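# Secondary and tertiary structure notes
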Amino acid sequence: MLLFSQSLRRHNVSIPVTRLLGHSRRSISASTALLFSLSSSSRSRRPPDDKRPIVITGPSGSGKSTLINKLFKDHPSTFGFSVSHTTRGPRTGEQDGVAYHFVSKEKMQQLIDDRQFLEHAIFSENHYGTSKKAVEDVNASGKVCILDIDLQGVQSVRKAGLPARYVFVRPRSLGLLETRLRGRGTETEEAIQKRLERARAEWEYGLDPTHFDRVVVNDELDQAYEDLCDFIFEHQAQ
Ligand SMILES: Nc1ncnc2c1ncn2[C@@H]1O[C@H](COP(=O)(O)OP(=O)(O)OP(=O)(O)O)[C@@H](O)[C@H]1O
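Quick notes on the rules
Residues numbered from 1 in each chain as written. Predicted model: local features only at pLDDT ≥ 70, side-chain atom pairs only at ≥ 80, totals over all residues. Helix = DSSP H or I, 4+ residues; strand = E, 2+ residues; numbered from the N terminus. Buried ≥ 20, exposed ≤ 12 C-beta atoms within 10 Å, placed from the backbone. Contact = placed C-beta atoms within 7 Å. pLDDT = per-residue confidence, 0-100. Core = buried A, V, L, I, M, F, W, Y, C linked by C-beta atoms within 7 Å. Axes fitted to C-alpha atoms, helices over the stretch in contact; angles between N-to-C directions. Left-handed = near helix turned anticlockwise from the far one by under 90°. Nonpolar A, V, L, I, M, F, W, Y, C, P; charged D, E, K, R; others polar.

Turning next to the overall build of the chain. Counting its secondary structure elements, the chain contains eight helices and nine strands. Counting the 238 residues in the chain, one finds 35% classified as buried. Long-range pairs, those at least 24 residues apart, make up 70% of the contacts in the chain with a sequence separation of at least 6.

Here you go:
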């Protein structure tokens with residue numbers, strides 16, 4: 001049984017994401033965009049010298065999607081998402097190799113047996129996974145790969161030995177997390193309870209500073225975004 005099941009991802013950019021929360025893409029609402037102040041820094045920065053993939057994790061509702069959306073919006077040619085594999089069928093408009101790599105159950109199993117995945121999990125009876133090649137493809141395109149995954153996925157990625165930078169995003173308190181999850185208005189009460197239960201376990205893990213290269217406390221959104229960018233771009237020559 002999965003300790004940390006996958007969570008729905010919502011990205012307002014039309015690029016594939018590594019793991020989709022419930023694996024249905026939702027759009028960030030216009031009100032979310034307004035969470036950033038008008039003066040929120042979108043300054044251009046030179047691409048980071050450190051090209052290792054950046055793994056971003058944190059409890060559901062901590063603000064990962066919100067921060068990543070802005071990162072992509074501000075730096076579209078610097079970052080890329082890997083294209084995940086899935087055994088679910090394509091939905092209208094979804095292109096193979098763009099939204100996902102759509103594969104049969106047999107093919108998926110073969111890839112798993114061949115240890116081609118950095119991480120994989122079953123969600124709603126469908127298998128999803130991030131292949132090593134998908135990340136390499138982003139690297140080969142000259143972009144820095146962003147992996148938005150849950151903690152279980154992070155542990156698999158670490159085990160797979162991917163050289164990466166790891167970021168944990170969390171709000172100031174678990175109470176605030178609950179407020180945001182409820183405020184998002186996208187989950188049933190049952191789903192919220194499940195997410196909160198999982199968040200408590202993830203929270204403990206994220207409190208250990210040795211587990212991550214950077215912990216971003218998403219309290220005030222502009223500040224959290226600056227912290228994230230300072231970390232991501234910190235290796236560039238001055
Ligand atoms: N600093 C902030 N202040 C106020 N609201 C915020 C802040 N950061 C995010 N939010 C809001 O909190 C909710 C959760 O954020 P978001 O959806 O980005 O979380 P997430 O970590 O991506 O969650 P999941 O893993 O479930 O996809 C959203 O409604 C978002 O608009």
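Further remarks concern the confidence of the model for the chain. Caution applies to low-pLDDT regions: their predicted coordinates should not be interpreted in detail. Per-residue confidence for the chain gives a mean pLDDT of 84; residues scoring 70 or more make up 82%. Helix α1 (residues 30-33) is the least confidently modelled element of the chain, averaging 57 in pLDDT, while helix α3 (residues 105-113) averages 98, the highest of any element. Long-range and interchain partners of residues 1-29, a stretch whose pLDDT sits below 50, account for 78 contacts in this model, where long-range means more than four residues apart. Interface confidence in the predicted complex, given as ipTM, is 0.98; pTM for the same model is 0.84.

Formed by 35 residues in total, the largest nonpolar core has its most connected members in Val55, Ile56, Ile146, Val167 and Leu228. Element by element, the count of residues in this core is highest for helix α8 (residues 221-232), at five residues. In this structure, Val55 is in contact with Leu147, Ile149, Val154, Val157, Ala164, Arg165, Tyr166 and Val167, ignoring residues within four places of it in sequence.

Moving on, we come to the packing of helix α2 (residues 64-74) against α8. Packing of α2 against α8 brings their axes to within 10 Å, and their N-to-C directions diverge by 65 degrees. Judged by the sense of rotation from one axis to the other, the crossing of α2 with α8 is right-handed. When α2 is examined against α8, the residues Thr66, Leu67 and Lys70 are found in contact with a partner set consisting of Leu221, Ala224, Tyr225 and Leu228. A class-by-class count of the residues in the contact of α2 with α8 yields five nonpolar, one polar and one charged.

Next up on the list: unusual backbone geometry. Positioned with a positive phi, Arg115 is a non-glycine residue whose angle comes to about 55 degrees. Here Arg115 shows up in the loop between α3 and β5 (117-123). What makes Arg115 exposed here is the crowd of 9 C-beta atoms within 10 Å.

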